[in-house]
Amino acid sequence: MNQDVAWGGEWRHEECGASGDAVWEDEDTAYSGHECDQDGEVTWSAEWECHGCGASGLVQFEDDTTTYADHDTCDDEDEQEWKELTA
């Protein structure tokens, strides 16, 4: 597990209009806990960010999904390179 990567996102159930947000660590499961008698799926719009280098990504997925940023922990050299490229 990559301790430097954190996730945050919002979930929404279009059929009933319920929504919420959460934060979690990389390789954890995003689960809204929402249950109702309406059809349709709960979907997430989420972003991950690496605290080491600032890299990030946006993802959409269904509820009860284990999330993987697929981002290796950065070392100082990689962090400096990334900062120079994004400056």
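Look up a bit, the structure's there.
Residues numbered from 1 in each chain as written. Predicted model: local features only at pLDDT ≥ 70, side-chain atom pairs only at ≥ 80, totals over all residues. Heavy atoms only, no water.

Take the overall build of the protein chain next. Of the regular secondary structure elements, the protein chain holds 1 helix and 6 strands. Going from the N terminus to the C terminus, the protein chain shows its helices and strands as β-β-β-β-β-β-α. Counting over 87 residues, the protein chain shows a buried share of 29%. Contacts spanning at least 24 positions in sequence make up 52% of the contacts within the protein chain whose residues lie at least 6 apart. Element-wise, carbon and sulfur atoms account for 39% of the exposed surface of the protein chain, whose accessible area totals about 5900 Å². (Helix = DSSP H or I, 4+ residues; strand = E, 2+ residues; numbered from the N terminus. Buried < 20%, exposed > 50% of the residue type's maximum accessible area, 1.4 Å probe, protein only. Contact = heavy atoms within 4.5 Å. Areas by Shrake-Rupley, 256 points an atom, 1.4 Å probe, with all protein chains shown as cover.)

Before going further, it helps to examine the nonpolar core. Buried together is how nonpolar side chains tend to be arranged in soluble globular proteins. In this structure, Val5, Trp7, Trp24, Trp44, Trp48 and Phe61 are the most contacted members of the largest nonpolar core, which totals 14 residues. Elements that contribute at least two residues to this core include exactly β1 (5–13) and β4 (42–50). Here Val5 is in contact with Glu25, Asp26, Trp48, Glu49, Cys50, Ala69 and His71, once residues within four sequence places are set aside. (Core = buried A, V, L, I, M, F, W, Y, C linked by side-chain atoms within 4.5 Å.)

Alignment of β4 against strand β5 (residues 56–62), held across 7 bridges, turns out to be antiparallel. Bridge pairing in β5 places Trp48 opposite Gly57. The hairpin turn running from β4 into β5, its antiparallel successor, is 5 residues long, and Gly54 in that turn takes a positive phi close to 90°. (Pairing = 2+ DSSP bridges.)

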